[in-house]
Amino acid sequence: MMLPERYDPKNRELFWLSVWEKNNTYKFDSSTKKELFTIDTPPPTLSGMMHIGHSYSYSQTDFVARFQRMLGKEVFYPFGTDDNGLPTERLVEKLKGVKSSEMSRSDFVSLCLKTLNELHPSFVGDWKRLGISCDFNILYSTIDDHSRRISQRSFVELWNSGRCYRKESPTIWCPECQTAISQVELKDNVLKSQFVNLKFGLESGGNILIATTRPEMLPACVGIFVHPDDSRYKNLVGKRARVPLFKHFVTIRADPRASMVKGTGIVMCCTFGDQTDIEWFKAHNLELKIAITRDGKMTEIAGAYAGLKIMIARKKIVEDLKSAGLVDGLKDIEHSVNVHERCNTEIEIIQSKQWFIKYLDLKEKFLEQGRKINWYPEYMRSRLENWINGLQWDWCISRQRHFGIPFPVWYCVKCDEPIVASAKKLPVDPLETGCPVKKCSKCGYSKFVPEKDVLDTWATSSLTPRISTELFKGKPIFKKLYPMTLRPQAHDIISFWLFNTLVKSFLHDNILPWNDAAISGWLLAPTGEKMSKSKGNVISPQVLMEQYSADALRYLAASSKLGEDMPFQEKMLVTGTKTITKIFNAIKFSVPNLGAYDGVKPSKFSIVDSWALSKLQHVIEASTESFLVYEYSKSLREVDSYFWQIFCDNYLEIVKDRFYNKNNYSDDEIVSAQFTLYHLTLSILKLYAPFLPHITEEAYHFFHSGKENVDSIHRTSWPVVNKRFFDKESEECGDVLVDILSVVRKFKSNKHVSLKTPVKELHIHCEDLHKELIGKIEKELKSSTYSEKIVFSKNVDTPCDRFAIEVGVVLGQSSPISSLPS
RNA sequence: GGGCCUAUGGUCUAGUGGUUAUGACGUCUCCUUUACACGGAGAAGGUCCCCAGUUCGAAUCUGGGUAGGCCCACCA
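Each chain carries its own residue numbering, running from 1 in the direction its sequence is written. Starting at A for chains and at 1 for ligands, labels are handed out in the order in which the entities are written. Selection of residues for local features in this predicted model requires a pLDDT of at least 70, selection of side-chain atom pairs for listing and counting requires 80 or more, and totals for whole chains, interfaces and linings are taken over all residues. In computing side-chain properties, one takes all heavy atoms of the structure into account and sets aside hydrogens as well as water.

Draft legend 1. Layout of the pattern of salt bridges. By definition here, a salt bridge exists when the distance from a side-chain nitrogen of Lys or Arg to a carboxyl oxygen of Asp or Glu is within 4 Å. For the structure shown, the criterion picks out 42 salt bridges. Of the charged contacts in the structure, one is a salt bridge between arginine 105 and aspartate 429, with a shortest N-O distance of 3.5 Å. One end of the pair, arginine 105, is in helix α4 (residues 105–129); the other, aspartate 429, is in the loop between β19 (418–420) and β20 (448–450), with 324 residues separating them in the sequence. Only protein chains enter the area calculation, which uses a 1.4 Å probe; residues under 20% of their type maximum are buried, those over 50% are exposed, and those in between are partly exposed. The buried category is assigned to aspartate 429, whose relative accessible area is 18%. In this structure, glutamate 729 engages lysine 776 in a salt bridge whose closest nitrogen and oxygen atoms are separated by 2.6 Å. Of the two residues, glutamate 729 is situated in helix α22 (residues 728–750) and lysine 776 in helix α23 (residues 768–776); the sequence distance between them amounts to 47 residues. According to the relative accessible area criterion, glutamate 729 is partly exposed, its value standing at 45%. Among the residues examined, lysine 776 registers a relative accessible area of 40% and is labelled partly exposed. By the criteria applied, helices consist of DSSP H or I runs no shorter than four residues and strands consist of E runs no shorter than two, each listed in order from the N terminus.

This is the structure:
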């Protein structure tokens, strides 16, 4: 076979992608008898393109998938896209220039579906281009009928088991998106605000001061609290105060939730400013006064301010308070506030009817489940526990949005009793399908209205282990697929996706969704900060794959430790590219010298061959162990250092002479070299294959594929340690050779002469034990140092690194050396 | 305020009780050798964040600082 001069990743990577696709190289065999390795692939949110964080974390999972496949397991590696709910709505609104609030639900939904269909092929194409070895036929979307059925079924089951409830209660609300959201969708933003001290007039005369950052909540003020132990204010308890500007009276009460040290120590309670307000409201049976509408404006109770947006109302009210002399101190502050993570809008707490999954009573069980998972790295579990311990709300699963999976629910017009669809009739959209019952079982009335709300996207994506595996429902393998082996994901969504999946599996099946959780880190901007569009520091993986190669991008992803963030550095792509080139060249050199290799073992191995083979066993052992616990970067490091330092820099240099000057060697020595070279190159390619699937496939087909009779390196078996190759004596012997070689190279380098400069006499001083070893490798020592003669003498000046051996070099040449070209 | 993680030559990084402290990039010197100059051989460059302790011995273990990051809570 004529080997190309250079490796052209741009063409060859695409070539191999098409070959893999044609040959179904990564197809999951559902009739397999092999051990299974099942992966709960994260479904990326369908946006225009894969971003660099995706290329980073999906590569890491792919290393594991390819390794496990080579280990001989049948890898179940599906691919899904998450494409419903708010992120998708925002994407479609942006791309199509529409507003969902100005469209009918059915029009908007069909526009969403149409847009998703347009985006899907090139979006998924990016993952394929990166060489991700999913079986892309095991494909799902969290909005398709299959997912709808499973998601709605989950709701129905939880309703039947009493875990779902619908209740009018204070709910976290985003005025911008105009929907209820859940605790997990909150994040902190530091915003500028004003801290205002307000004068409340006591009914009995005099004033008290109350500090607030939200004076616009005054119309909804329903109570005032002081701490029961606060001696300053004991006399106030039971009295009434007049709310400034709005002039209604509220009662002052004692409650331990009021802090003595915050603000003035007197706090007002409004329905609802924050979480504590809800607690007071419930504990003291306070009146409900709603000051803020669902779209973030003031209600009628705000009187003159009704209809104004919150921020405008706040400003006006402060001005009016000031001019009325009701403000005693005002300062600008920065404080962190809860905002909706999708749109950065400050959230409100609004009284509304929502669906919840009741789970606060199960915190202990969830902690228990979390402890049963094998976490990689181990410490990531504490993030889950931290989250569970901090849970304060049941899971609100209803969203007042258009594009999502509908609740399969109707309500009796008369008594509001929910009628939930039968699990057999799913999926269903109640807006399009009539209520399945004729009469309300509670009141007998016969008119119903459909639920308009849709499910939280996490209520669906938390079912991915069911969604992907149920694609095989009805086949014998189905039962074996779930629970799954591995959940790979990044650390930022432990409290979302990981926790929610744990919850659903527990509630439905009382099992763990997977045995292992491997948590990856983030690829950061070169400066060490998060990449984000707003900072303008986003790097495109598509451009990098074009400029370098998919393999190089994967190499970068392999260099970070599991779970740790890593700053992006372009030089890693250069290092990856160099490795790719080196592999190509090393194999290109080896192949012609393997010409006569026919699989026959030599009757005796040359020592240098045993040295390289023995060292290889250590690498296989360490690399495999690391891979089994998802420490792919350690695995790569092992292979890298063996390949560069032992194989290329030394073994190949030493063994060359046997190919160039065959006459100086016995047949056994030649056969030994060929066998060893074949074995080493094949093993190296296999060890690199999970990381660099394209170049290893390319190089494998130069020669090895013909001997191995397996049409892809990715279908060959992972190297196993062959204990017979462990050879301590040869290892030491080879190390001695390399050490002496290194001294000679150093000498020549210092003399500024070529490493090929002949050595007239190589003087060595050492113990008898080493003399014996050196005798065994004399031929290799002479050829690799270009020495004419080896002399044991005390005429030496340089010690070796690792051994008690000293070396002296006499340059020059008394007669032509046979191994040099003329 | 709580939890967790991190701190190693200019940069990134390996290293869970004894190493001359790893490798890569960068810098400098040399070598154009029939796999590769996207290569090879060398060199320079480190108070392993600080303090205390455990130990014969600490980059590594313990405690206390300092700095950074992530998650959570508070947000009167």
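Structure shown, so let's carry the discussion forward.
Draft legend 2. Examining the packing of helix α5 (residues 145–160) against helix α13 (residues 494–509) more closely. Whenever a helix is involved, its axis is fitted only over the stretch in contact; in every case the axis is a line through C-alpha atoms, and angles between N-to-C directions fall within 0 to 180 degrees. Interaxial distance between α5 and α13 falls to 10 Å at its minimum, and their mutual angle equals 55°. Comparing the axis directions of α5 and α13 gives the class oblique. Both α5 and α13 take part in a crossing whose hand is left-handed. From α5, Ser154, Glu157 and Leu158 reach across to α13, where they touch Lys504, Leu507 and His508. Here the residues of the contact of α5 with α13 sort into two nonpolar, two polar and two charged. Here roughly perpendicular refers to angles of 65 to 115 degrees, roughly parallel to angles under 35, roughly antiparallel to angles over 145, and oblique to all remaining angles. Throughout, a crossing is termed right-handed when the near helix is turned clockwise from the far one, and left-handed when it is turned anticlockwise from it by less than a right angle. In this analysis, two residues are considered to be in contact whenever any of their non-hydrogen atoms come within 4.5 Å of each other. The nonpolar class holds Ala, Val, Leu, Ile, Met, Phe, Trp, Tyr, Cys and Pro. Asp, Glu, Lys and Arg form the charged class, and all remaining residues, Gly among them, are polar.

Draft legend 3. Main features of the pairing of strand β18 (residues 409–412). Residues of β18 alternate between two faces, with Val409 and Tyr411 on one and Trp410 and Cys412 on the opposite face, all of them buried. When β18 meets β19, the two strands line up antiparallel, connected through three bridges. Counterpart to tyrosine 411 in the pairing with β19 is proline 418. Hairpin connection of β18 to β19: five residues between the antiparallel strands, including aspartate 416 at a positive phi of 70°. Any two strands are treated as partners once DSSP identifies two or more bridges connecting them.

Draft legend 4. Structural view of helix α9 (residues 381–390). All buried positions along α9 are accounted for by Leu384, Glu385, Trp387 and Ile388. Considered in projection along α9, the buried side chains sweep an arc of 160° and stay on one side of the axis. Among the exposed residues of α9, those oriented more than 90 degrees off its buried face are Asn386 and Asn389. The directions from the helix axis to the C-beta atoms are what the arc is built from.

Draft legend 5. Structural context of the nonpolar core. As used in this record, nonpolar core signifies buried Ala, Val, Leu, Ile, Met, Phe, Trp, Tyr and Cys residues forming a set joined through side-chain atoms within 4.5 Å. Core analysis: the biggest nonpolar cluster contains 189 residues, and Ile397, Phe647, Tyr651, Ile740 and Leu762 have the highest contact counts within it. Considering each element in turn, this core owes the most residues, 13 residues, to helix α18 (residues 632–660). Apart from the residues lying within four places of it in its own chain, the contact partners of isoleucine 397 are Phe155, Cys164, Trp355, Phe356, Ile357, Phe407, Val454, Leu455, Asp456 and Ala459. Judged by nonpolar contacts, the second largest core, of 33 residues, contains Ile210, Leu218, Val226 and Ile292.

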